Amino acid sequence: MIAKRIEQLAPSGIRQFFDLVLGMPEVISLGVGEPDFVTPWRIREKAITALEEGQTSYTSNKGLFGLRKAIAAAIEKRHKVSYSPENEIIVTVGVSEALDLALRALLDPGDKVIVVSPHFVAYPGLTECAGGRPLFLVTRPQDGFKIDLKELKRLLAQKPKAVILNYPSNPSGVSYTRSELKSIWRAISQSGAIVISDEVYEELSYDVAHTCFASLDKEARRRTILMNGFSKGYAMTGFRIGYACAEKEIIEAMNKIHSYSMMCAPIGAQVAAIEALGCHNEVAAMVREYKRRRDFMHRELNRIGLATHRPQGAFYFFSSVRKFGLPSMDFAKRLLMEEKVAVVPGTAFGQEYEGFLRMSYANSLENLKEAIVRMERFVKKI
Ligand code: PLP
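Residues numbered from 1 in each chain as written. Predicted model: local features only at pLDDT ≥ 70, side-chain atom pairs only at ≥ 80, totals over all residues. Heavy atoms only, no water.

Re the pairing of strand β7 (residues 224-229)
Line of reasoning, step 1. In terms of burial, β7 is largely enclosed, as six of its six residues are buried.
Line of reasoning, step 2. Residues T224, L226 and N228 point to one face of β7 and I225, M227 and G229 to the other, with burial holding for every one of them.
Line of reasoning, step 3. Of the strand pairs in this sheet, strand β6 (residues 194-198) and β7 are connected by four bridges, and their pairing is parallel. Its bridge partner being in β7, I196 is matched across the sheet by I225. (Buried < 20%, exposed > 50% of the residue type's maximum accessible area, 1.4 Å probe, protein only. Helix = DSSP H or I, 4+ residues; strand = E, 2+ residues; numbered from the N terminus. Pairing = 2+ DSSP bridges.)

Structure below.
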């Protein structure tokens, strides 16, 4: 009954594992990839008012013009890159939908897409659903999980249609300086590939000022589909608002699919997103708290023996547990059963990451402290 390419699609490694966690009381979850903060009140209030005012209709397919204008202004202000709100921006149901639309708009059957590993779980699956084939650019712990230019060039020689970049990265937390991104762009610019730049963790940058890929130069802007959204930086996962910015031709192609499959993002959430773009203090307060937790956890994880790079952004640690000699899944299952701490096995983010775990620090400092006590007890007895 089911189409072959869907039957062959691997289920998300995260979901599989979290089916286990469901229903277990007293678990401290370092598993989920979403802020523990509730959306700032100002933003929620706008959504409530929109409902009270009876704003319950469809919007234009590409999203409320007011939101597209606010997005364009924010990008111009932060990164000095201009996008026309008329035809170079589309508001989507999360970055998830923007990714799906971009891949479906770009790929013909069999087209290749470079996916940098360890990678966000959705990239390979969405590529395959769109008829494409992922080419994995494996990054290594000894390089701090940064892209190796030689490896990038080797894969670019296979003529991929697109390269998906994600920084700050889920799951490694890696980000790049402007000059590092320029080197990456120099390599890509010599190929015909389009860059899909997923910058959804932009606001959560702690050490390196975020550089928007499209801001590198005119040609980078022309060849990039910039993706961002409100889920992470504004603690708005449930609102489901993301967006893509690109040349008109690409946005129109994405909008063709979007107008048949989704029509538009929900109006109340779009109204709330306009308010979010003005919430600088609220975002800064969350960022300060994530940074505090990052510093604490980074020190403590290394102290108890989980070799961990210092993430520069997002809210994850990608730690090695190789020295304990347990496969990631066994380590994670035993940690869950014996100490009630939920983490995600590294293999969910690429086959090469056996012996790694992803841990989210989108959790209270109090819970993180308790998680460290439990993990220390666990590693001492294995
Ligand atoms: N991109 C990355 C790298 C993510 O980690 C996530 C969510 O975890 C998404 C996109 C999806 O975000 P959204 O909630 O905007 O669909």
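Here we look at the sheet that holds strand β4 (residues 133-138)
Line of reasoning, step 1. Taken together, seven strands build an open sheet; the order of strands is β2-β8-β7-β6-β5-β3-β4 and the sheet is mixed. Lying at the two open borders of the sheet, with one neighbouring strand each, are β2 (89-92) and β4. The mean angle between the axes of side-by-side strands here comes to 20°, regardless of whether they run parallel or antiparallel.
Line of reasoning, step 2. Running over the sheet, helix α4 (residues 65-79) touches β2, β7 and β8 (242-245) and is turned about 115° from β2.
Line of reasoning, step 3. Of the strands in this sheet, β2, β7 and β8 are in contact with helix α10 (residues 248-261), which crosses β2 at around 30°. (Axes fitted to C-alpha atoms, helices over the stretch in contact; angles between N-to-C directions. Contact = heavy atoms within 4.5 Å.)

Some points on the domain arrangement of the protein
Line of reasoning, step 1. Segmenting the protein into domains produces domain 1 (4-39 + 281-381) and domain 2 (41-279).
Line of reasoning, step 2. Spacing between the C-alpha centres of domain 1 and domain 2 amounts to 25 Å.
Line of reasoning, step 3. With 37 residues of domain 1 in contact, the opposing surface of domain 2 contributes 41 residues.
Line of reasoning, step 4. Summed over both sides, the interface of domain 1 with domain 2 buries roughly 3,200 Å², with 61% coming from carbon and sulfur.
Line of reasoning, step 5. Taken as a group, T39, Q312 and Y353 account for 23% of the area that domain 1 buries against domain 2, more than any other trio of residues on that side.
Line of reasoning, step 6. Applying the counting rule to domain 1 against domain 2 returns three salt bridges.
Line of reasoning, step 7. Of the charged contacts, one joins D207 and R310 as a salt bridge, the two residues approaching to 3.8 Å between their closest N and O atoms.
Line of reasoning, step 8. Applying the counting criterion to the domain 1 and domain 2 interface returns 22 residue pairs in polar contact (both at pLDDT 80 or more).
Line of reasoning, step 9. Contributions of two or more residues to the side of domain 1 that touches domain 2 are made by α1 (4-7), α12 (280-303), β10 (316-320) and β13 (356-360). (Domains from an automatic or database assignment. Buried area = accessible area lost by both parts, 1.4 Å probe. Salt bridge = Lys/Arg side-chain N within 4 Å of Asp/Glu carboxyl O. Polar contact = N/O pair within 3.5 Å; in protein donor to acceptor, adjacent residues only side chain to side chain.)

As for the packing of helix α7 (residues 149-156) against helix α8 (residues 178-189)
Line of reasoning, step 1. Viewed as axis vectors pointing N to C, α7 and α8 meet at an angle of 20°, and their least axial separation amounts to 10 Å. Between α7 and α8, the angle is such that the two are roughly parallel. In this structure, the crossing between α7 and α8 has a hand that is right-handed. Taking contact as the criterion, the partners of L149, L152, K153 and L156 in α7 are, on α8, S183, I184, A187 and I188.
Line of reasoning, step 2. Residue classes in the contact of α7 with α8 are distributed as six nonpolar, one polar and one charged. (Parallel < 35°, antiparallel > 145°, perpendicular 65-115°, else oblique. Left-handed = near helix turned anticlockwise from the far one by under 90°. Nonpolar A, V, L, I, M, F, W, Y, C, P; charged D, E, K, R; others polar.)

Brief notes about the side chain of E97
Line of reasoning, step 1. Residue position: E97 is located in helix α5 (residues 94-106).
Line of reasoning, step 2. Here E97 is buried and forms no salt bridge, its nearest opposite-charge partner R104 lying at an N-O distance of 6.4 Å.
Line of reasoning, step 3. A distance of 2.7 Å separates the side chain of E97 from the side chain of H258, its partner in a polar contact. (Lys, Arg positive; Asp, Glu negative; His and termini not counted.)

A word on the site of the ligand
Line of reasoning, step 1. Close to the ligand lie 13 residues, the nearest being V95, S96, D198, S231 and K232.
Line of reasoning, step 2. With respect to the ligand, the side chain of S96 contributes an N or O atom lying 2.5 Å from an oxygen atom.
Line of reasoning, step 3. N170 places a side-chain nitrogen or oxygen 2.8 Å from an oxygen atom of the ligand.
Line of reasoning, step 4. When the ligand is considered free in solution it has 400 Å² of accessible area, and contact with the protein chains removes 93% of it.
Line of reasoning, step 5. Here the shell around the ligand takes three residues from α5, the largest share from any one element. (Near = heavy atom within 4 Å. Areas by Shrake-Rupley, 256 points an atom, 1.4 Å probe, with all protein chains shown as cover.)

A closer look at the state of the cysteines
Line of reasoning, step 1. Throughout the structure, instances matching the rule amount to zero disulfides.
Line of reasoning, step 2. No disulfide involves C279; its nearest neighbouring cysteine sulfur is the one of C245, lying 19 Å away. (Disulfide = S-S within 2.5 Å.)

A look at a positive patch on the surface
Line of reasoning, step 1. Together, K153, R178, K182 and R186 give the surface a local cluster of positive charge.
Line of reasoning, step 2. Sort the elements by how many residues they give to the positive patch and α8 lands first, with three residues.
Line of reasoning, step 3. In this fold, K153 is placed in helix α7. (Patch = residues over 30% accessible without salt bridge, like charges linked within 9 Å, V, L, I, M, F, W, Y side chains within 5 Å. Charge placed at Lys NZ, Arg CZ, Asp CG, Glu CD.)

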